[in-house]
Amino acid sequence: GVYPFVAALQALAADVRQVLGPGCRLTYAADWTEYGAHILSGGQEIRFPLDPLWASPHIDAVGIDYYPPVTDWREGVDHLDAGTWRSPHDVAYLAARQRSGEGFDWFYSDDAARRAQIRSPIEDGAGKPWIHRVKDLAAWWSQPHRERVGGIELTSDTPWQASGKPIWLTEIGCPAVDLGANAPHVFPDPKSSEGSRPPFSSGARDDLMQLRALEAQIGVFDPQSPLFEEAANPAGLGSARMLSPEDITVWAWDARPFPAFPMLRQIWSDGPNWQAGHWLNGRLEAAPLDRLVPAILSAYGLPPAARLDIDHLVDGYVIERPMSAREALEPLAKLFGLDARFREGRLVITGDAPRPVATLDPATFVPMPDGAPFALRRAQESELPAEIRLDFIDGEWEYRRAAVRSRRLGGAARREVGFEASIVTGRVEASRLAALRLREAWASRETIGFGLGPVWLGLEPGDRVALGLDGKRRLFRITEIDDGDTRRVKAVSAEPAPLVLQSQPELATHTVPAPSTALRPIAVALELPLARGSGGATPLLFLAAAATPWPGPLTALRAQPGAGYAVAANLGRAALTGRILQTLPAALPWRLHRLASVEVEMDSGGLQSVSEAAMLAGLNRFAVLGPDGLWEVLGAAEAALIGPRRYRLSGFVRGLGGSEALAGREAPAGSLIVAIDEALAPLTDDLADLGRTLAFRVVPPGVDAADPSASSVEAAVRGLALRPLAPVHARARRAILGIEIGWIRRSRVDADSWDLADAPLGEAAEAYRVTIRRAGSVVRSMTVSGPFVIYPSADELVDFGAEQAAIDIEIAQLSEAVGAGEPCRRLLAVS
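A few points on the structure. (Residues numbered from 1 in each chain as written. Predicted model: local features only at pLDDT ≥ 70, side-chain atom pairs only at ≥ 80, totals over all residues. Heavy atoms only, no water.)

1. Focus on the overall build of the protein chain
When helices and strands are tallied, the protein chain shows 13 helices and 46 strands. Based on the C-alpha atoms only, the size of the protein chain along its principal axes is roughly 150 × 80 × 45 Å. By the burial criterion, 49% of the 831 residues in the protein chain qualify as buried. Put simply, of all contacts in the protein chain between residues at least 6 apart along the chain, 65% involve residues at least 24 apart. Accessible area for the protein chain stands at about 39500 Å²; split by element, carbon and sulfur atoms hold 54% of it. Put simply, the protein chain has 85 plus and 103 minus side-chain charges, and the middle of one group is 2 Å from the middle of the other. (Helix = DSSP H or I, 4+ residues; strand = E, 2+ residues; numbered from the N terminus. Buried < 20%, exposed > 50% of the residue type's maximum accessible area, 1.4 Å probe, protein only. Contact = heavy atoms within 4.5 Å. Areas by Shrake-Rupley, 256 points an atom, 1.4 Å probe, with all protein chains shown as cover. Lys, Arg positive; Asp, Glu negative; His and termini not counted. Charge placed at Lys NZ, Arg CZ, Asp CG, Glu CD.)

2. So, the sheet that holds strand E12 (residues 307-309)
With mixed pairing, three strands are arranged side by side in an open sheet as E12-E16-E15. What marks the edges here is a single partner per strand, and that holds for E12 and strand E15 (339-343). The average undirected angle you get between the axes of adjacent strands in this sheet is 15°. Pairing analysis gives five bridges linking E15 to strand E16 (residues 346-350), with the strands arranged antiparallel. Bridge pairing in E16 links Arg341 to Val348. (Pairing = 2+ DSSP bridges. Axes fitted to C-alpha atoms, helices over the stretch in contact; angles between N-to-C directions.)

3. A look at the sheet that holds strand E10 (residues 248-250)
In spatial order, the strands read E1-E4-E9-E10; together these four strands make up an open sheet with parallel pairing. Of all strands in the sheet, those with a lone pairing partner are strand E1 (29-31) and E10, marking the two edges. The sheet shows a mean angle of 25° between the axes of neighbouring strands, direction not considered. Pairing of E1 with strand E4 (residues 62-65), which is carried by three bridges, proceeds in the parallel orientation. Bridged to Asp31 within E4 is Asp65.

4. What to know about the packing of aromatic side chains
Overall, the coordinates contain twelve aromatic pairs when judged by the stated rule. Ring geometry for Trp743 against Tyr768: centres 5.3 Å apart, planes inclined by 70°, an arrangement best described as edge-to-face. Here the residue Trp743 occupies a position in strand E40 (residues 738-744), and Tyr768 occupies one in strand E41 (residues 768-774), the gap between them amounting to 25 residues. For the residue pair Trp743 and Tyr768, the accessibility class agrees, reading buried in each case. Here the aromatic cluster, defined as three or more aromatic residues joined through ring pairs, consists of Tyr35, Trp140 and Trp160. Just above the ring of Phe261 sits the side chain of Arg256; from NZ or CZ to the centre is 3.7 Å. (Phe/Tyr/Trp six-rings, centres within 6.5 Å; stacked < 30°, edge-to-face > 60°. Lys NZ or Arg CZ within 6 Å of the ring centre and 35° of its normal.)

5. Points about the environment of Gly578
Checked against the element boundaries, Gly578 lands in strand E30 (residues 577-580). Judged by relative accessible area, which is 0%, Gly578 ranks as buried. It is 6.5 Å that separates the C-alpha atoms of Gly578 and Val674, two residues lying 96 residues apart in sequence.

6. Describing unusual backbone geometry
Following Phe261, the chain continues to Pro262 via a peptide bond in cis, the omega torsion being 20°. Tracing the sequence through the fold places Pro262 in helix H7 (residues 260-263). The backbone of Ser41 sits at a positive phi, close to 55°, despite the residue not being glycine. With respect to the helices, strands and loops of the structure, Ser41 is situated in the loop between strand E2 (38-40) and strand E3 (45-47). On the basis of relative accessibility, which here comes to 56%, the residue Ser41 falls in the exposed class. A positive phi angle is found at Phe200, which is not glycine, with a value near 70°.

7. Structural notes on the side chain of Glu632
Of note, Glu632 is situated in strand E33 (residues 631-643). A polar side-chain atom of Glu632 sits 2.7 Å from a polar atom in the side chain of Arg654. At 3.1 Å, the side chain of Glu632 forms a polar contact with the backbone nitrogen of Gly655. Ignoring anything within four residues of it in the chain, the contact list for Glu632 reads Leu584, Phe622, Ala623, Val624, Arg654, Gly655, Ser659, Leu662, Ala663 and Arg665. (Polar contact = N/O pair within 3.5 Å; in protein donor to acceptor, adjacent residues only side chain to side chain.)

8. Notes on the environment of Ser109
With respect to the helices and strands, the residue Ser109 is situated in the loop between strand E5 (106-107) and helix H4 (111-116). What makes Ser109 exposed here is its relative accessible area of 52%. Placed ten residues apart in sequence, Ser109 and Arg119 show a C-alpha to C-alpha distance of 7.8 Å.

9. Focus: helix H1 (residues 4-20)
A turn of α-helix holds 3.6 residues, and therefore any two residues three or four places apart point the same way. Over its 17 residues, H1 extends 24 Å from the first C-alpha to the last, a length consistent with the 24 Å expected when each residue adds 1.5 Å. Within H1, the full set of buried residues consists of Val6, Leu9, Ala13 and Arg17. Each buried residue of H1 lies within a common arc of 75° when the element is viewed along its axis, so the set occupies one face. In H1, the exposed residues that point more than 90 degrees away from the buried face are Pro4, Gln18 and Val19. Where H1 is buried, its residues touch helix H2 (51-54). (Expected span 1.5 Å × (residues − 1). Arc of directions from axis to C-beta.)

10. Concerning the packing of helix H9 (residues 289-299) against helix H10 (residues 325-336)
When two helices pack together, their arrangement is given by the angle between the helix axes and the distance between those axes. Contact pair H9 / H10: the axes reach a minimum separation of 10 Å and the direction vectors enclose 160°. On the basis of the axis angle, H9 is roughly antiparallel to H10. The chirality of how H9 crosses H10 is left-handed. Residue-level contacts link Leu289, Leu292, Val293, Ile296 and Leu297 of H9 to Ala328, Leu329, Leu332 and Phe336 of H10. A class-by-class count of the residues in the contact of H9 with H10 yields nine nonpolar, no polar and no charged. (Parallel < 35°, antiparallel > 145°, perpendicular 65-115°, else oblique. Left-handed = near helix turned anticlockwise from the far one by under 90°. Nonpolar A, V, L, I, M, F, W, Y, C, P; charged D, E, K, R; others polar.)

11. Some thoughts on the side chain of Ser747
Structurally, Ser747 can be placed in the loop between E40 and E41. A distance of 3.1 Å separates the side chain of Ser747 from the backbone oxygen of Val749, its partner in a polar contact. Discounting chain neighbours no more than four positions away, the residues touching Ser747 are Leu725, Ala759, Pro760, Leu761 and Gly762.

12. Here we look at the pairing of strand E19 (residues 385-394)
Consecutive side chains along a regular strand alternate between the two faces of the sheet. For E19, the tally of buried residues reaches ten of ten residues, placing the bulk of the element in the interior. Inspection of the sheet shows E19 paired to strand E21 (residues 415-425) by eight bridges, in the parallel sense. Directly across from Glu387, in E21, lies its bridge partner Glu416. As paired elements, E19 and strand E20 (residues 400-407) share eight bridges and run antiparallel to each other. Bridge pairing links Asp394 to Arg400 in E20. A loop of five residues connects E19 with E20, the two strands running antiparallel in sequence, and Glu398 in this loop sits at a positive phi of about 60°.

13. Quick word on the nonpolar core
Residues Trp54, Ile64, Leu137, Trp140, Ile167 and Leu169 are the most contacted members of the largest nonpolar core, which totals 47 residues. Element by element, the count of residues in this core is highest for helix H6 (residues 207-221), at six residues. Excluding anything up to four places from it in sequence, Trp140 contacts Tyr35, Gly36, Phe48, Asp51, Trp54, Val62, Trp130, His145, Trp160 and Ile167. Met323, Leu338, Leu384 and Phe419 belong to the second-largest nonpolar core, a separate cluster that totals 34 residues. (Core = buried A, V, L, I, M, F, W, Y, C linked by side-chain atoms within 4.5 Å.)

14. Here we look at H9
Residues Leu289, Leu292, Val293, Ile296 and Leu297 constitute the buried set of H9. Buried residues of H9 fall within an arc of 135° about the axis and therefore sit on the same side. Along H9, exposed side chains directed more than 90 degrees from the buried face belong to Ser298 and Ala299. Its buried side turned inward, H9 meets strand E11 (287-288), E12, strand E13 (313-314), strand E14 (316-317), H10 and E16. Of the residues flanking the end of H9, it is Gly301, one or two places downstream, whose phi is positive at about 70°.

Here you go:
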């Protein structure tokens, strides 16, 4: 009588309540076999383990994952339930068994008893059979609970207060499998030790089974439903009922979108389980024929049918042209084997009804004109179809027209019969329909004619009758009645086909290829201060793009004012983009900073460490965007993985690639970082673009510029890659004519080799602008054609009034394309 787990649940509920507060409703989802009594020693000991939890002030409702057995159907008509109910899909049958049958009135002691339908009644010696009924929620809920020990009932009740708290059905469901209501808790999964089939199930998919089972279970508890039963959901304290339909949760609605799941097997390996599993995706919107037919009648302004005993469904039905109601219904009647007739002025439509409405003795027939009691004819095999082809709309494969075939092996038949139906369904259901129609064609190969007296006036075309022929009970469907002095009846054999044919759902489906994923890529335009590569025109702008997963080659389209878009670049691989997670402090350029580090988070791809020599040779180069819109280039030898997509970069060299002036600024956390590698694509090298702001659209494969999955990029072309680099090693020396100033120029192209006699000029002509300042103001500017200039003593006296020991000087190389380059500004001591 001690249950430590329940005590722990009570403590956990108190902890959760403290965290979530009084406004959150809280429960524990108990299994349908554990929410109530724990029965031991053949009923001598009865406990209610969860009652202390249900009575806890921190628990708002009794939660139950509710999957008790509903039906007890099996193939054929020679079993107990078939004598009372029409079919396993009969919603009245499914609703009645919510409070009767297995788990309520009786149980099976073992599998042998189940096979033989030896039902043991559920009884209790103390007059409380509800204790043993897993389906008697109302009695359990509305009664006080008293435990028993040694067969003797205790004198006090458990903490449970009768009718005190509502019940939530935290899970209900039914697998979409043949006879799924026999065991709603069973799920098909060949990889699981718990995967199984309901008793007597073929394992074939049956969407109608799931739909009708849920309709019955929810309807019985819903006061607004015609299936509602007061005894199933009584009112408790006040006017509140035991269970509100809003507190019923159906398993399972998958977050993965249909039909991507289950069709994309290469992505989700549990796709085959969907065929006969509990999933509602792709099924809930299906149309049972007993709702589709009234909808068609209503659309034509016709009165509803008196009765619809139909157990089929489709995903949809297309009326593709103007037609009469008869023309709209006839394809459904032929395909699904429906009988339509008027009875007492009302339309009656029935489907495959295995139970006969009457049993006739041929000895009582009115003799035929030739004196025989009946005339039986059997069609030759050559008159029967060997194959039936069904054309349909495949709702699980982009609504394409598709066809399935069912063929009879062996025999002399050679005919092929085709059905062209505008139904929307899946390949499994279409295959089942084709097989049923082929079986029906062969089952009806026998026709019989006989006469009946006026006592049988109640029989009508479409009715099934049982006849005793040659010592066997045979079923026939009446097709025609000619009334006169004698009722002349014609009928065809109608042996019942199996409700769900044996099949292997995984073989009847198709796996579709994964579509190209049109994700909006991350796109960044980079204006690097130094051109990459050598030879040819200088790229003025680069593009980096990233996406996870990478959708394939991306295209950068450049907006042409008044002329649409033109291809500017193709990106064959994803760039490595991300953001720095800490402030990147200012630092001296061109030094190896081994102790400095910064953490980054990458959008896609991975980084790796390289040796210092490899980094200095050009690997592991990154561009960091500052708040001023300029990109500093740095190298990082170490890239240590510290978390998902997170790296710690260290072993820096800052201010590379002509960006030395930017090493002295801070880049705040969140700044963009891009790896400089072959994934960058040049966007323009046209000098006519200098000074313009260009607009681009980056599009995934098969997407146009206007698609929402395309990314927009704008960038101003300032010509940073054409700007000459700042001169270095400036020096000043006083001579006879004045101050001699010299420097060493740098080249932005092809200047990395140590063996060059002189660095290439990289400009059309060599020219420099030298500026001299006094107290920050420009006092003189000179333009020279070489890395040397003399600042005359006379000019020095005019500018300063005396000789200077140091001068504030700025030197910038000039370019014909962009003017002055990056300046070298120094306070030079005059030696």
